[in-house]
Amino acid sequence: MKPGGPTVVAVGGGHGLAASLRAVRRYAGSVTAVVSVADDGGSSGRLRRQFGIEPPGDLRKCLVALAAEDSALAAAFEHRFDTDEDDLAGHALGNLLLAGLASVTGDIQRALDEAGRLLGTVGRVVPAAAEPVVLKADVGVGEVAGQTAVARTRGIRRVSLVPADAACSPAALAALADADQVVLGPGSLYTSILAAAAVPGMAAAISASPGRKVYVANLRPQPAETEGYDVAAHVTALLDHGVAVDVVVADASGIAMGEPPVPVVELPLARPNGLAHDPARLAEALSALVG
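Keep in mind it's a predicted model, so treat the numbers as computed, not measured. Along each chain, numbering runs from 1 in the same order as the chain's sequence is written. It should be noted that, the model being predicted, local features are given only for residues of pLDDT at least 70 and side-chain atom pairs only at 80 or more, the latter also being counted only at that level, while totals for whole chains, interfaces and linings use all residues. As a rule here, side-chain values come from all non-hydrogen atoms in the structure, and water together with hydrogens is ignored.

Asks: Honestly, the side chain of Ser 169 in this entry has me stumped. Any pointers?
Replies: Looking at where Ser 169 falls in the secondary structure, it is placed in the loop between β6 (158–162) and α8 (170–177). By relative accessible area, which is 4% here, Ser 169 ends up buried. A contact between two residues is defined here by any heavy atoms of the two lying within 4.5 Å. When neighbours within four sequence positions are excluded, Ser 169 is seen to be in contact with Gln 109, Val 126, Pro 127, Ala 128, Ala 129 and Ala 130. In this text, helices come from DSSP runs of H or I with a minimum length of four residues, and strands from runs of E with a minimum of two, each type numbered from the N-terminal end. The classification of residues rests on relative accessible area computed with a 1.4 Å probe and restricted to protein chains. Under 20% of the type maximum is buried, over 50% is exposed, and intermediate values are partly exposed.

Asks: When you look at the nonpolar core in this model, what are you seeing that I'm missing?
Replies: Grouped burial of nonpolar side chains is what soluble globular proteins tend to show. Judged by nonpolar contacts, the single largest core of 94 residues is most densely connected at Leu 21, Val 125, Leu 184, Met 202, Ile 206, Tyr 215 and Val 243. Examining the composition of this core, we find that seven residues originate from one element, helix α9 (residues 189–197), more than from any other. The residues touching Val 243, leaving out its near neighbours within four places in the chain, are Leu 184, Leu 194, Ala 197, Ala 203, Ile 206, Ser 207 and Leu 238. Grouping buried Ala, Val, Leu, Ile, Met, Phe, Trp, Tyr and Cys residues that are joined through side-chain atoms within 4.5 Å yields what is termed a nonpolar core.

Asks: Would you take a moment to explain the packing of aromatic side chains for this structure?
Replies: The relation between two aromatic rings is expressed through the spacing of the ring centres and the mutual angle of the planes. Each aromatic pair joins two rings of Phe, Tyr and Trp (for Trp, the six-membered one) with centres within 6.5 Å, and gets the label stacked for planes under 30 degrees apart, edge-to-face for over 60, and tilted for any other angle. In this structure the tally under the stated criterion is one aromatic pair. Their ring planes at 85° and their centres at 6.3 Å tell us that Tyr 190 and Tyr 229 sit as a pair that is edge-to-face. Of this pair, Tyr 190 sits in helix α9 while Tyr 229 sits in the loop between β8 (212–216) and α11 (231–240), and the two are 39 residues apart along the sequence. With respect to class, Tyr 190 is no different from Tyr 229; both count as buried.

Asks: Hey, could you run me through the environment of Leu 267 in this one?
Replies: Here Leu 267 lies in the loop between β10 (264–266) and α12 (279–287). In this structure the C-alpha to C-alpha distance between Leu 267 and Glu 54, which are 213 residues apart in sequence, comes to 36 Å. When neighbours within four sequence positions are excluded, Leu 267 is seen to be in contact with Ala 250, Asp 251 and Ala 285.

Asks: Explain helix α5 (residues 93–105) to me, please; I cannot follow it from the model alone.
Replies: Three- or four-residue spacings in an α-helix give side chains the same orientation, since the helix completes a turn every 3.6 residues. For a helix, the expected span equals 1.5 Å multiplied by the number of residues minus one. Taking 1.5 Å as the rise per residue, α5 with 13 residues should run 18 Å; its terminal C-alpha atoms sit 18 Å apart, in good agreement. Within α5 the residues assigned to the buried category are Gly 94, Asn 95, Leu 98, Ala 99, Leu 101 and Ala 102. Projected down its long axis, α5 carries its buried residues within an arc of 165°, all on one side. The exposed residues of α5 that point more than 90 degrees off its buried face are Ser 103 and Val 104. On its buried face, α5 sits against α2 (42–51), α3 (57–65), α4 (72–77) and α6 (108–119). An arc is given here, and it is the one of the directions from the helix axis to the C-beta atoms.

Asks: Honestly, the environment of Glu 284 in this entry has me stumped. Any pointers?
Replies: By the secondary structure assignment, Glu 284 is in helix α12. Sequence separation of Glu 284 and Ala 174 is 110 residues, and the distance between their C-alpha atoms is 26 Å.

Asks: Looking at this structure, I do not really get a nonpolar patch on the surface. What am I missing?
Replies: Each patch is built from residues that are more than 30% exposed by relative accessible area and take part in no salt bridge. Like charges join if they lie within 9 Å; nonpolar side chains (Val, Leu, Ile, Met, Phe, Trp, Tyr) join within 5 Å. Where accessible areas are quoted, they stem from the Shrake-Rupley method and a 1.4 Å probe; at the residue level, only the protein chains shown are allowed to cover. Each reported salt bridge corresponds to a side-chain nitrogen of Lys or Arg within 4 Å of a carboxyl oxygen of Asp or Glu. Side chains of Leu 73, Leu 97 and Leu 118 sit close together on the surface and give an oily, nonpolar patch of about 210 Å² of accessible area. Within the secondary structure, Leu 73 is located in helix α4. The exposure class assigned to Leu 73 is partly exposed, which follows from its relative accessible area of 32%.

Asks: Help me understand the packing of α9 against α11, please; the structure alone is not making it clear to me.
Replies: The packing of two helices is summarised by the inter-axis angle and the distance between the axes. Under this scheme, a helix contributes an axis fitted over its contacting stretch, all axes are lines through C-alpha atoms, and angles between N-to-C directions fall in the 0 to 180 degree range. The interhelical angle for the contact between α9 and α11, taken along N-to-C directions, is 35°, at an axis separation of 11 Å. Once α9 is placed against α11, the crossing between them reads as right-handed. Counted together, Leu 189, Tyr 190, Ile 193 and Leu 194 of α9 and His 234, Ala 237 and Leu 238 of α11 form the full contact between these two elements. Under the grouping applied here, Gly and all other residues not named as nonpolar or charged are polar, the nonpolar ones being Ala, Val, Leu, Ile, Met, Phe, Trp, Tyr, Cys and Pro and the charged ones Asp, Glu, Lys and Arg. By residue class, the composition of the contact of α9 with α11 is six nonpolar, one polar and no charged. Left-handed describes a crossing whose near helix is turned anticlockwise from the far helix by less than a right angle; the clockwise case is right-handed.

Asks: Please clarify how the pattern of salt bridges should be interpreted in this entry.
Replies: Between side chains of opposite charge, a pair can form when the charged atoms approach closely. Within this structure, the stated rule accounts for six salt bridges. Taking the shortest distance from any N to any O, the salt bridge between Asp 113 and Arg 124 comes out at 2.8 Å. Within this pair, whereas Asp 113 is found in helix α6, its partner Arg 124 is found in strand β3 (residues 124–127), the two being separated by eleven residues in sequence. Owing to a relative accessible area of 31%, Asp 113 belongs among the partly exposed residues under this scheme. Owing to a relative accessible area of 35%, Arg 124 belongs among the partly exposed residues under this scheme. Here Arg 154 and Glu 227 are joined by a salt bridge, their closest N and O atoms 3.2 Å apart. Placement of the pair is Arg 154 in the loop between α7 (147–151) and β6 and Glu 227 in the loop between β8 and α11, with a sequence separation of 73 residues. Assessed through its relative accessible area of 54%, Arg 154 is described here as exposed.

Written out as structure tokens, the structure is:
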């Protein structure tokens, strides 16, 4: 472990990865978020199609989760325009700023690093892939393409990306090679966690990382995407995609355990409303699993 606290890499996307980051920042000396860039819906999808950039929404959420506490700029990043003007309606300010920074710098990583400097983030946000990707799901009788469509799909067997040779972010690979702990989840199994891990070389880099690999189970199965899944089914899906984890952290109040093929630490992890993970509880559980 490095002086000043462990080096932690968190992998995934969306609200789930942001929840992990709010926990990890409480005990880590260094934090890197490795974020899926498969999103094709909402503001992110519009900016992706219009400018050919990596979808900024999940990247924005992670920046805000790592931002300086009580940051007015972080709150502004989350502001979503409610207007009748078609060009702005539904866009988050942070998405627009990231799109502008990417256009000016010519590189999404430089844009993220500059946004992180403005926000005073305690860690670094990096895209899982060095280019936008399309998520595909094999459902046995055919394929479903696009993250939004995959999230509404039952019976997913496997996910993959287009282009099939999409390059991993060098920053993500470097962070994983130096990690004391790798946190996967919580979040959508196929459309967030495996959407990031499916980048060619990413699963191997996760498995080869010297850090302990911890999977944070969702509080409940997700309608359609993981309907009927217990924790064991989640872990099996990770293994089927080449992602080996060392231990699972789970709250058994809303999801069945099954018989996962790795050790499970069962703890109460939910906020009082039961709808999301409590950062303090999750931080305590994760900090005990470093090394």
